[in-house]
Amino acid sequence: MSPVKATLKPRKSAVQARSVATVEALHTATLQVLTQQGLIRCTTTRVAERAGMSVGSLYQYYPNRDALLAAVLQKHLEWVAEAVELACSRHQQLPVAEMASGLVTALLNAKLRDQGVSKALYAIAGERGGAELVARINARMVAVIAAMLRTATDAQFDDPVLTASIALSAIVGPVRTLLEGNASPAFEAGLEQQTTLLLKAYLQTHIHKE
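Not measured: the values here are computed from a predicted model.

(A) Examining helix H10 (residues 160-179) more closely. Over its 20 residues, H10 extends 28 Å from the first C-alpha to the last, a length consistent with the 28 Å expected when each residue adds 1.5 Å. Packing partners of the buried residues in H10 comprise helix H7 (96-112), helix H8 (115-124), helix H9 (130-149), helix H11 (185-189) and helix H12 (191-203). One or two steps after H10, the chain reaches Gly181, where phi turns positive at roughly 80 degrees.

(B) Looking closely at the environment of Tyr59. With respect to the element layout, Tyr59 can be found in helix H5 (residues 55-59). Taking the C-alpha atoms as reference points, Tyr59 and Ala48, separated by eleven residues in sequence, lie 9.5 Å from one another.

(C) Molecular detail of the pattern of salt bridges. By the definition in use, this model includes two salt bridges. The salt bridge partner of Glu24 is Lys75, with a shortest N-O separation of 2.4 Å. In this pair, Glu24 is assigned in helix H3 (residues 20-37) and Lys75 in helix H6 (residues 65-90), connecting sequence segments 51 residues apart. On the accessibility criterion, Glu24 (38% relative accessible area) is partly exposed. Among the salt bridges present, the one from Arg140 reaches Glu85, with a minimum N-O distance of 2.7 Å. With Arg140 in helix H9 and Glu85 in helix H6, this residue pair connects regions lying 55 residues apart in the sequence.

(D) Representation of the packing of aromatic side chains within the structure. For the structure shown, the criterion picks out zero aromatic pairs. Sitting over the ring of Trp79, Arg113 keeps its end group 4.0 Å from the ring centre.

(E) Broad picture of the nonpolar core. The biggest cluster of nonpolar side chains holds 59 residues, and the ones touching the most others in it are Tyr62 and Ile145. Contributing elements (two or more residues each) for this core: H3, helix H4 (44-51), H6, H7, H8, H9, H10 and H12. Looking at which element gives the most residues to this core, the answer is H6, with eleven residues.

(F) Representation of the packing of H10 against H12 within the structure. The geometry of H10 relative to H12 is characterised by a closest axis approach of 11 Å and an angle of 160 degrees between their N-to-C directions. Considering their axes alone, H10 and H12 lie roughly antiparallel with respect to each other. Every pair of crossing elements has a handedness; the one defined by H10 and H12 is right-handed. From H10, Thr163, Ile166, Ala167, Ala170, Ile171, Pro174 and Leu178 reach across to H12, where they touch Leu191, Thr195, Leu198, Leu199, Tyr202 and Leu203. Its residues assigned to classes, the contact of H10 with H12 comprises eleven nonpolar, two polar and no charged.

(G) Summary view of the side chain of Thr44. On the secondary structure map, Thr44 appears in helix H4. Assessed through its relative accessible area of 9%, Thr44 is described here as buried. Polar contacts involving the side chain of Thr44 include one to the side chain of Tyr59, which spans 2.9 Å. Leaving out residues up to four positions away in the same chain, Thr44 has contacts with Val55, Leu58, Tyr59, Asn64 and Arg65.

(H) A look at the side chain of Thr195. Relative to the elements of secondary structure, Thr195 occurs in helix H12. Classification of Thr195 as buried rests on a relative accessible area of 5%. Setting aside residues up to four positions removed in sequence, Thr195 forms contacts with Val104, Ala170, Ile171 and Pro174.

Cut-offs applied
- Residues numbered from 1 in each chain as written.
- Predicted model: local features only at pLDDT ≥ 70, side-chain atom pairs only at ≥ 80, totals over all residues.
- Heavy atoms only, no water.
- Helix = DSSP H or I, 4+ residues; strand = E, 2+ residues; numbered from the N terminus.
- Expected span 1.5 Å × (residues − 1).
- Contact = heavy atoms within 4.5 Å.
- Salt bridge = Lys/Arg side-chain N within 4 Å of Asp/Glu carboxyl O.
- Buried < 20%, exposed > 50% of the residue type's maximum accessible area, 1.4 Å probe, protein only.
- Phe/Tyr/Trp six-rings, centres within 6.5 Å; stacked < 30°, edge-to-face > 60°.
- Lys NZ or Arg CZ within 6 Å of the ring centre and 35° of its normal.
- Core = buried A, V, L, I, M, F, W, Y, C linked by side-chain atoms within 4.5 Å.
- Axes fitted to C-alpha atoms, helices over the stretch in contact; angles between N-to-C directions.
- Parallel < 35°, antiparallel > 145°, perpendicular 65-115°, else oblique.
- Left-handed = near helix turned anticlockwise from the far one by under 90°.
- Nonpolar A, V, L, I, M, F, W, Y, C, P; charged D, E, K, R; others polar.
- Polar contact = N/O pair within 3.5 Å; in protein donor to acceptor, adjacent residues only side chain to side chain.

This is a description of form; function is not addressed.
Next up, the structure:
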């Protein structure tokens, strides 16, 4: 394990400590401080105070702020991946148009359920081991999307993994524009509808020819 990874590793698991509620409180407090006060003011002291515990108690679980932020980011990304996995499971053995609609809706709902939280976490995703975590979660989502595409009732994909990767990027790209603050109100209002149209058109190029 590299020195960087070691510093981001929690000191002990919630199961070992029998303190799932404490860890949950720390994660919630971290998100509250991040969204309300910003990354610079998101210190372990402020997080502990918001969670109603001492800094010493926080350090029993996380050796530093970066480890805490990495844990919060990981939990968020895994929740997004689980939403995609559920949608892909539910949309197997269907036409690609329904797959596209279900995938876009699930991913946007997960990513944008709380835009304040998503924006705060997006801002730290490129640091603190975030890039590696994002890549791992993306690979996990590509795998389940590809598995869904293989079951399409009206299309056949020569390279389902490549198609799934492009499909995921087609959804994530507009989301990134929104989280970076570069989207107009019209962009945001039409995001789901327009992204669904885009993905349907792409996937339908693989429909069986009579």
